[in-house]
Amino acid sequence: MTTAPIPEHHPLLVVGAGLGGLTLARVLALHGVGCTVLDRDADRDARSQGGMLDLHEDTAQAALREAGLYEGFRRLVQPGGEATRVLDRHATVHHADDAEGGRPEVHRAALRDLLLDALPAGTVRWGAQVTAATPLGGGRHEVRLADGTTLTTDLLVGADGAWSRVRPLVSDAAPAYTGVSFVEADLTDADRRHPRAAALVGSGLLFALDQGKGLLAHREPGARLHTYVALRCPAELLDSLGLADRAAARRRVLAHFDGWDEGLRSLLADGDGPLVARPVHALPVGHRWERAPGVSLLGDAAHLMTPFAGEGANLAMLDGAELAAALLARPQDPERALATYEAALFPRGERAARESAESLELCFGPDAARRLAAMMSGGWQDGAA
């Protein structure tokens, strides 16, 4: 089957079919406004979409209401997923809370499917990898794809993540390594095959923090445990792990957790499948840009931050909904719409990025388990020891 060629000109191009770009497209579509979303993946199932997300009432949940998808989202919520435990390296419990609050957990892939299924057919153009974007004047832009196709647009939105191809149109900023890296692992059929690890994690999220490192684990649908082994280390360390040799790589990573509880170590030692290394990068706190005609950013392209405040996906979805609302409110004045959107985007992104950076220092600083437990219980104050 042949694919129809992408039309040469599009009034609105969104680069990136992540949660933020899809939220923008859905809210616009709900009001009868079309756009084209370009994504480099060959199709929606081309790669893993990550793990669990806690969706906040004032950000992602608000965006889902604007998108008319709130009830569909509620059907995706993981029962018991808000439970949180904080342990030290000896598996001593410093905090345990199984109560449900305002941050239900859903799997990123299921949430993305909810958004994709709500879009008009043909909105997302798969296999469309953007390699460059160039101003043409008057707010119009040219977008070049890896296959040589050239498109033009009146309004370009970069929703293309950490290494955005659109960001250089408005900013010289680039993500910097934060000093923390993840090595990801999975345990499948955990309740039956790995009961000790499953009991430690519980029904939601586990933080095991000590000695400037950590084992963070989420329970996912289907009794799967997804573990993030967190190390404060030079970025070059990941290159030395030799992840292609799975057994040797596990031994090398486990060596950083000598003396830790064996149940905690089993989250890595007994993992199924390959390990995945992910250095954690962030844009400068307070990243912003001067208004540039015909282009803007949302999500990680605008305010990439560490995951330690749980705000990345939440803000991306809110960005998408608010940008849509601004454009819908001023259909004849897109420049004013973009200025209105960015005036709110910058301060909220700065607040979340600052909180995220501070949380990273807490989680990988001294006495991390006790301090994080105290913060979650409402009693932590900066400087307490």
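Residues numbered from 1 in each chain as written. Predicted model: local features only at pLDDT ≥ 70, side-chain atom pairs only at ≥ 80, totals over all residues. Heavy atoms only, no water.

Undergrad: I'd like a description of the pattern of salt bridges, backed by residues and values.
TA: Applying the stated rule across the entire model yields 22 salt bridges. One salt bridge in this structure joins R192 and D189, with 2.7 Å as the shortest N-O distance. Between R265 and E262 there is a salt bridge, with the nearest N and O atoms lying 3.2 Å from each other. With R265 and E262 both in helix α9 (residues 262–269) and three residues apart, this pair spans about one turn of that helix. The exposure class assigned to R265 is buried, which follows from its relative accessible area of 15%. (Salt bridge = Lys/Arg side-chain N within 4 Å of Asp/Glu carboxyl O. Helix = DSSP H or I, 4+ residues; strand = E, 2+ residues; numbered from the N terminus. Buried < 20%, exposed > 50% of the residue type's maximum accessible area, 1.4 Å probe, protein only.)

Undergrad: Go over the UniProt feature "domain: FAD-binding" (unreviewed entry) in the protein with me, naming the residues and quoting the values.
TA: UniProt's feature table lists "domain: FAD-binding" (unreviewed entry) at residues 12–171 and 294–355, given in the numbering used throughout. The distance separating the terminal C-alpha atoms of residues 12–171 is 21 Å; by composition the span is 21% helix and 29% strand. (UniProt positions renumbered as here; feature names shortened; annotations may be inferred.)

Undergrad: So what's going on with the packing of aromatic side chains? Residues and values would help.
TA: Under the criterion given, the structure shown has six aromatic pairs. R65 extends its terminal NZ or CZ atom over the ring of Y70, reaching a point 3.7 Å from the ring centre. (Phe/Tyr/Trp six-rings, centres within 6.5 Å; stacked < 30°, edge-to-face > 60°. Lys NZ or Arg CZ within 6 Å of the ring centre and 35° of its normal.)

Undergrad: Can you explain the UniProt feature "binding site: FAD" (unreviewed entry) in the protein? Please cite residues and give values.
TA: UniProt's feature table lists "binding site: FAD" (unreviewed entry) at D54, R108 and D300, given in the numbering used throughout. Within the secondary structure layout, D54 lies in strand β3 (residues 52–54). With residues near it in sequence (within four places) discarded, D54 still touches R103, P104, E105, G310 and N314. Among the polar contacts listed, one links the side chain of D54 to the side chain of H56, at a separation of 3.0 Å. Mapped onto the secondary structure, D300 falls in helix α10 (residues 300–303). (Contact = heavy atoms within 4.5 Å. Polar contact = N/O pair within 3.5 Å; in protein donor to acceptor, adjacent residues only side chain to side chain.)

Undergrad: So what about the packing of helix α11 (residues 312–329) against helix α12 (residues 334–363)? Which residues, and what values?
TA: To characterise two packed helices, one gives the angle between the axes of the helices and the distance between these axes. Between α11 and α12, the shortest axis-to-axis distance is 8 Å and the interhelical angle comes to 160 degrees. Taken together, α11 and α12 sit at an angle that is classed as roughly antiparallel. As for the relative orientation of α11 and α12, their crossing is right-handed in sense. For the pair formed by α11 and α12, the contact residues are L315, L318, D319, E322, L323, A326 and L327 on the first element and A337, L338, Y341, A344, L345, R348, G349 and A352 on the second. (Axes fitted to C-alpha atoms, helices over the stretch in contact; angles between N-to-C directions. Parallel < 35°, antiparallel > 145°, perpendicular 65-115°, else oblique. Left-handed = near helix turned anticlockwise from the far one by under 90°.)

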